[in-house]
Amino acid sequence: EQRGRVLSAAVGALCRALPPRARPAPNTLRRARFDRPQASLDLWRLLYALLKQIHRGKWAESDAIDNQIRFVKSALWYHGYGRPEFFGLPSDGSAGSRELLLAFSWLLHRISLLEQLLARNRVKTGDETSVCTCEDELLNSPKSTSEIAPEHGLEDRVDVRYLQWLNGRLRFQWQSLHAQHQEQCKLLHKIHLFTSGSHMDQVLGHFSVTETDLVRQPENYNQLLQLLESETMQLEAFLEWKQLEPVYWQWMETVLDNMAEEENMCESQDAHVEKSRLPKPTSSCPWAYSLTGQIDGLSRDLMTLHDQLHKLVTHRKAGWCEKVKTREEELQKEGFFATARKIQESVEQKLLDLTCLCAPKKNKMHGSRRLVFRSKHPASKMGFHRSVSKEPVPAVSATEVIRELQMREASLERELKQLQEECRRRLDEIAEGLDGVICVSP
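Scoring rules and cut-offs
Residues numbered from 1 in each chain as written. Predicted model: local features only at pLDDT ≥ 70, side-chain atom pairs only at ≥ 80, totals over all residues. Heavy atoms only, no water. Helix = DSSP H or I, 4+ residues; strand = E, 2+ residues; numbered from the N terminus. Buried < 20%, exposed > 50% of the residue type's maximum accessible area, 1.4 Å probe, protein only. Contact = heavy atoms within 4.5 Å. Areas by Shrake-Rupley, 256 points an atom, 1.4 Å probe, with all protein chains shown as cover. Phe/Tyr/Trp six-rings, centres within 6.5 Å; stacked < 30°, edge-to-face > 60°. Axes fitted to C-alpha atoms, helices over the stretch in contact; angles between N-to-C directions. Parallel < 35°, antiparallel > 145°, perpendicular 65-115°, else oblique. Left-handed = near helix turned anticlockwise from the far one by under 90°. Nonpolar A, V, L, I, M, F, W, Y, C, P; charged D, E, K, R; others polar. Core = buried A, V, L, I, M, F, W, Y, C linked by side-chain atoms within 4.5 Å. Salt bridge = Lys/Arg side-chain N within 4 Å of Asp/Glu carboxyl O.

**Student:** Help me understand the overall build of the chain, please; the structure alone is not making it clear to me.
**Tutor:** Along its length, the chain carries 15 helices and two strands. Per-residue burial over the chain gives 23% buried out of 442 residues. When contacts within the chain are restricted to residue pairs at least 6 apart in sequence, those whose partners lie at least 24 apart make up 72%. Taken as a whole, the chain presents about 33,200 Å² of accessible surface, with 56% of it coming from carbon and sulfur.

**Student:** Any chance you could explain the packing of aromatic side chains here in plain terms?
**Tutor:** Any pair of aromatic rings gets described here by the distance separating the centres and the angle formed by the planes. Under the counting rule described, the total for this entry stands at 10 aromatic pairs. Ring geometry for W77 against F87: centres 5.4 Å apart, planes inclined by 75°, an arrangement best described as edge-to-face. Placement of the pair is W77 in helix α4 (residues 65-79) and F87 in helix α5 (residues 84-87), with a sequence separation of 10 residues. Given a relative accessible area of 28%, W77 falls into the partly exposed group. An aromatic cluster is built from W44, W77, Y81, F86, F87 and W106, whose rings are joined through pairwise contacts.

**Student:** Which parts of the structure should I look at to understand the packing of helix α3 (residues 40-54) against helix α6 (residues 97-110)?
**Tutor:** Helix packing geometry: the angle between the two helix axes and the distance between the axes. One way to put it is that α3 packs onto α6 with a least axis distance of 9 Å and a crossing angle of 25°. Here α6 runs roughly parallel to α3, going by the angle between their axes. In the crossing of α3 with α6, the sense of the turn from one axis to the other is left-handed. In this structure, α3 uses S40, L43, W44, L46, L47, L50 and L51 to contact α6, whose residues at the interface are S97, L100, L101, F104 and L107. Across the contact of α3 with α6, the residue classes tally to 10 nonpolar, two polar and no charged.

**Student:** Just to check I follow, could you spell out the nonpolar core for this structure?
**Tutor:** Where a protein is soluble and globular, its nonpolar side chains tend to be buried together. If you look at the biggest cluster of nonpolar residues, it comprises 48 residues, and the most contacted ones within it are F86, F104, L113 and Y248. Counting only elements with at least two residues in this core, the list comes to α1 (2-17), α2 (26-33), α3, α4, α5, α6, α7 (113-120) and α10 (221-277). Here Y248 is in contact with V11, L14, L101, F104, S105, L108 and W241, once residues within four sequence places are set aside.

**Student:** What am I meant to see in unusual backbone geometry here?
**Tutor:** Both trends apply: most residues other than glycine have a negative phi, and most peptide bonds are in trans. One non-glycine residue, D35, lies in positive phi territory at about 60°. Along the chain, the position of D35 falls in the loop between α2 and α3. Backbone geometry at S112 places phi at a positive 50°, although glycine is not the residue there. Mapped onto the secondary structure, S112 falls in the loop between α6 and α7. Taking the relative accessible area as the measure of exposure, S112 reaches 33% and is therefore partly exposed.

**Student:** Sorry, what's going on with the pattern of salt bridges here?
**Tutor:** When their charged atoms lie close together, side chains carrying opposite charge are able to pair. Scanning the model with the defined rule gives nine salt bridges in all. Where R16 meets E240, a salt bridge forms, and the shortest distance between an N and an O atom there is 2.7 Å. Placement of R16 in helix α1 and of E240 in helix α10 is noted, with a sequence separation of 224 residues between them. For E240, a relative accessible area of 29% translates into the label partly exposed. We note a salt bridge from E99 to R83, for which the minimum N-O separation is 2.7 Å.

Right, here's the structure in full:
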């Protein structure tokens, strides 16, 4: 009984730590533990709302349930969830609440779902910008790039002109986004410049957009206060959840154990049904003896064919291995200088990156940073002399970010040149094998 109360407290804290618009009832997770179909639709909507927020997409409760399910399956595939039972759930949301509970728990652990949601839905009172100089995680992903999400695969052939159109559209949208970002920076600079010296904090010295809006429209203060109170309640629930989190994972272990037991029972029942389907030869069924004899004869024929195929494959494989070995020896003699050139280029590439490798490693910048206006005249000389915060705010200069990005750009350019040279060599090798064709390199 006490364990049940602790589990209820953990599930309740987990639900309260979720965003208000996507907050499920604690009974929904308990019903999903017993695979109740009544909880399936609620869990599909929950996963849809949470993943939409993670991917910064617009969502509405009026979206069709099949579209929500299709999006959730694609998003989970993108994050690396590979349980086939989940992707086989019906598109009408009529069943599979326990599978959805497993997927939700996997997201909690795999991508730190609660932490990401709290960071994205945080009430921002200051002007912030996102800074990221980390390496691309997709390059180190164990998933193969050839893997395609179920029901969303590309066709075997795609028109190159369509890809060129997509590339041009992407470039246009990128330029539009860059222009809008520049306009936003100009407006922020005006606000920071005109309000310089008006803030009580000497480190900041100016108002943010939110603070400027509150000065112009004081009636919005109540709405901001309600948002801050809601965020405080979420943070308190998150702290309670972190204390009770081990209880939740112990509960999920029991869910997995029950699923394993049910699967074993289903397999044993299927095996029993399969055995019962086979006719047993009895004296009352004389046709069974002839059928059994035919099956035995076919089995012997199959075994004979298998032995012959095995001998043929072994003989062919030995012949091909001998040809490949001979060809390798010829290529080793012919391609010695080409191999030496490749080794030299690889050594030069490693020498270029030696400076970065030998430099002391520092933490890559990632996350939100507050934009603070810096001028030749500090805020203490232009306005208030009393400072609320005595410690300076951790700052990141634009020059440092630009330097990091330039180093990353140089590394990518070297990698691009290396790949282009490799492709050029491969094209030359292919062109040499074509009779009557003249290829002019660009």
